[in-house]
Amino acid sequence: METEDIFLAAPLPAPQPTPGCLVCGALMEQWQQTRMPNSPQYDPSLSTDCAVEIGRHPHEVLKQRQKKQRETEENEERARRARRRKN
Ligand SMILES: [Zn+2]
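A. Region of interest: the overall build of the protein. The number of helices and strands found in the protein is four helices and zero strands. When the helices and strands of the protein are read in sequence order from the N terminus, they spell out α-α-α-α. A burial count over the protein gives 9% of its 87 residues as buried. Within the protein, contacts between residues separated by at least 24 positions form 44% of all contacts whose residues are at least 6 apart in sequence.

B. Quick peek at the confidence of the model for the protein. Confidence along the protein averages 86 in pLDDT terms, with 85% of residues attaining 70 or more. In the model of the protein, helix α1 (residues 2-9) stands out as the element of lowest mean pLDDT, 51, in contrast to helix α2 (residues 22-35), which has the highest, 95.

C. Layout of the environment of A51. Here A51 is to be found in helix α3 (residues 44-56). What makes A51 buried here is the crowd of 21 C-beta atoms within 10 Å. Between the alpha carbons of A51 and Q32 there is a distance of 9.6 Å; along the sequence they are 19 residues apart.

Rules and cut-offs
Residues numbered from 1 in each chain as written. Predicted model: local features only at pLDDT ≥ 70, side-chain atom pairs only at ≥ 80, totals over all residues. Helix = DSSP H or I, 4+ residues; strand = E, 2+ residues; numbered from the N terminus. Buried ≥ 20, exposed ≤ 12 C-beta atoms within 10 Å, placed from the backbone. Contact = placed C-beta atoms within 7 Å. pLDDT = per-residue confidence, 0-100.

Shown next as structure tokens:
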């Protein structure tokens, strides 16, 4: 009985949201609201679902967008440097 109590009280590992991802941010907020026993939104199974969803959320689109953004900035920087050389 005692071991079961310890098992139930064991905190879930904190999910690792991806910085800059709005979906992860929203899930993280929901996870925090649902994991607190004294919170009105307390819902341990929903809390677990949120943590799982954060862990599974794909970020290929976000990564591609960030890569594209970096490339655009690099190209602009290159163009700036080329203009400077010309002058
Ligand atoms: Zn995400």
